[in-house]
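Survey of secondary and tertiary structure
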Amino acid sequence: MHEAADRVQIVYYTDPLCCWSWVLEPQWRKFAYLYKDFLNYRYCMGGMVPDWKHYDDTLNSVSRPAQMGPLWMQAHHISGMPLRDRIWMENPPASSFRGCIAVKCAQMQSSLAAEKYLRELREAIMIRGWNIAQKKVLLDVARIVANKDPHEFDVLRFEQDLSNNQGTDNFRQDLAEIRNQNITCFPTLTFKKRNSPGILIYGYRSYSVMADAIKNMISDAVIPQNINVQNYQMYWGSLTNREIEEVTC
């Protein structure tokens, strides 16, 4: 196992409402699992949708909620990941800011708590069609995380942090980082290691693109060729059929 200073440092710029981040989960999780001894990573929240008055995705021609549904349908067909695109007609989230702040509140407990909360938040919106701009939903997701791992997640602390300004302040720091790094789309991943040139990957990509990106950074890495699905399931907790397919085919 590599010491922390020798590991590849990854920042994953994302947003709970980003469908392309959701459909990247099979590839990202496989990569993070196989290379876990050689890298550290953290999530930076993007604030993709401040509100619908100030959102205009000219690349995908999306400026109002109903136009997001077809984009989610496209992401589903390209990736095979489940996506509840009807939410954009039935109960569209007004913003992604609350979800981002909720992830930062979870991150105040631990990086693992943040990862688990972000995943459950993604499942809530992408699979179950819950409106994650609503505080009640954010608390419901917190209870799901705590029920699965009560030693890792404190719902009462989360609720308190969601009501004070600390989570909001931390989210503002993420927004400042995104501006400073000139991150313009999600997902975006940056790879850095001492004495190696940095690498940037953005958008929906294959597992091999991520693996190839750091081969020169960790040339001594010995990576298993096969993954035990039972161990993989235990490591991540929940997997979609597409995620299982990614590591078995």
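Criteria and cut-off values
Residues numbered from 1 in each chain as written. Predicted model: local features only at pLDDT ≥ 70, side-chain atom pairs only at ≥ 80, totals over all residues. Heavy atoms only, no water. Core = buried A, V, L, I, M, F, W, Y, C linked by side-chain atoms within 4.5 Å. Buried < 20%, exposed > 50% of the residue type's maximum accessible area, 1.4 Å probe, protein only. Contact = heavy atoms within 4.5 Å. Pairing = 2+ DSSP bridges. Helix = DSSP H or I, 4+ residues; strand = E, 2+ residues; numbered from the N terminus. Axes fitted to C-alpha atoms, helices over the stretch in contact; angles between N-to-C directions. Polar contact = N/O pair within 3.5 Å; in protein donor to acceptor, adjacent residues only side chain to side chain. Phe/Tyr/Trp six-rings, centres within 6.5 Å; stacked < 30°, edge-to-face > 60°. Lys NZ or Arg CZ within 6 Å of the ring centre and 35° of its normal. Parallel < 35°, antiparallel > 145°, perpendicular 65-115°, else oblique. Left-handed = near helix turned anticlockwise from the far one by under 90°. Nonpolar A, V, L, I, M, F, W, Y, C, P; charged D, E, K, R; others polar.

**Overview of the nonpolar core**
In terms of nonpolar packing, the biggest core is built from 81 residues, with Trp-28, Phe-31, Tyr-35, Tyr-117 and Ile-214 touching the most fellow members. Setting aside chain neighbours within four positions, we find Trp-28 in contact with Ile-10, Tyr-12, Tyr-41, Tyr-43, Leu-189 and Met-210.

**Notes on the sheet that holds strand E3 (residues 188-193)**
The strand order E2-E1-E3-E4 describes an open sheet built from four strands, whose pairing is mixed. With one partner strand each, in any of the chains shown, strand E2 (39-45) and strand E4 (196-202) form the two edges of the open sheet. Neighbour-to-neighbour, the strand axes of the sheet open up by a mean angle of 15°, direction not taken into account. Note: E3 against E4, five bridges, orientation antiparallel. Bridging from a neighbouring strand, Leu-189 pairs with Ile-201 of E4. Against the sheet, helix H6 (residues 111-126) makes contact with strand E1 (8-14) and E2, and its axis sits at roughly 50° relative to E2, the strand it touches most.

**Describing the side chain of Gln-27**
Structurally, Gln-27 is set in helix H2 (residues 25-34). Reaching out from Gln-27, the side chain makes a polar contact with the side chain of Tyr-204 at a distance of 3.1 Å.

**Remarks on helix H5 (residues 97-107)**
For an α-helix the count is 3.6 residues per turn, leaving residues at separations of three or four pointing the same way. Taken across its eleven residues, H5 has eight buried, putting it largely inside the fold. If you check which residues of H5 are buried, you get Gly-99, Cys-100, Ile-101, Ala-102, Val-103, Lys-104, Cys-105 and Ala-106. Among the structural elements, E2, H6, helix H7 (135-148), helix H8 (155-163) and helix H9 (166-180) are those in contact with the buried residues of H5.

**Brief notes about the packing of aromatic side chains**
Tallied over the entire structure, the rule returns 18 aromatic pairs. Taking 5.0 Å as the distance between ring centres and 80° as the angle between the ring planes, the aromatic pair formed by Trp-28 and Tyr-41 counts as edge-to-face. With Trp-28 in helix H2 and Tyr-41 in strand E2, this pair connects stretches of sequence that are 13 residues apart. Here Trp-52 and Trp-88 contribute two aromatic rings whose centre-to-centre distance is 5.8 Å and whose plane-to-plane angle is 80°, an arrangement assigned as edge-to-face. Of this pair, Trp-52 sits in the loop between E2 and helix H3 (68-79) while Trp-88 sits in helix H4 (residues 87-90), and the two are 36 residues apart along the sequence. Joined through ring pairs, the aromatic side chains of Tyr-12, Trp-28, Phe-31, Tyr-35, Tyr-41, Tyr-43 and Phe-191 make up one cluster. The ring of Tyr-235 has Lys-36 lying over it, and the distance from NZ or CZ to the ring centre is 5.5 Å. Directly above the ring of Trp-130 sits Arg-128, whose terminal nitrogen or CZ lies 4.6 Å from the centroid.

**A closer look at the packing of H2 against helix H12 (residues 241-248)**
At a closest axis distance of 9 Å, the pairing of H2 and H12 adopts a crossing angle of 50°. Viewed along their axes, H2 and H12 adopt a mutual orientation that is oblique. Handedness of the H2/H12 crossing: right-handed. In this structure, H2 uses Glu-25, Pro-26, Gln-27, Arg-29 and Lys-30 to contact H12, whose residues at the interface are Arg-242, Glu-243, Glu-246 and Val-247. Classifying every residue of the contact of H2 with H12 gives two nonpolar, one polar and six charged.

**What about the side chain of Glu-243?**
As for its position among the elements, Glu-243 is in helix H12. Only 2.7 Å separates the side chain of Glu-243 from the side chain of Arg-119, close enough to count as a polar contact.

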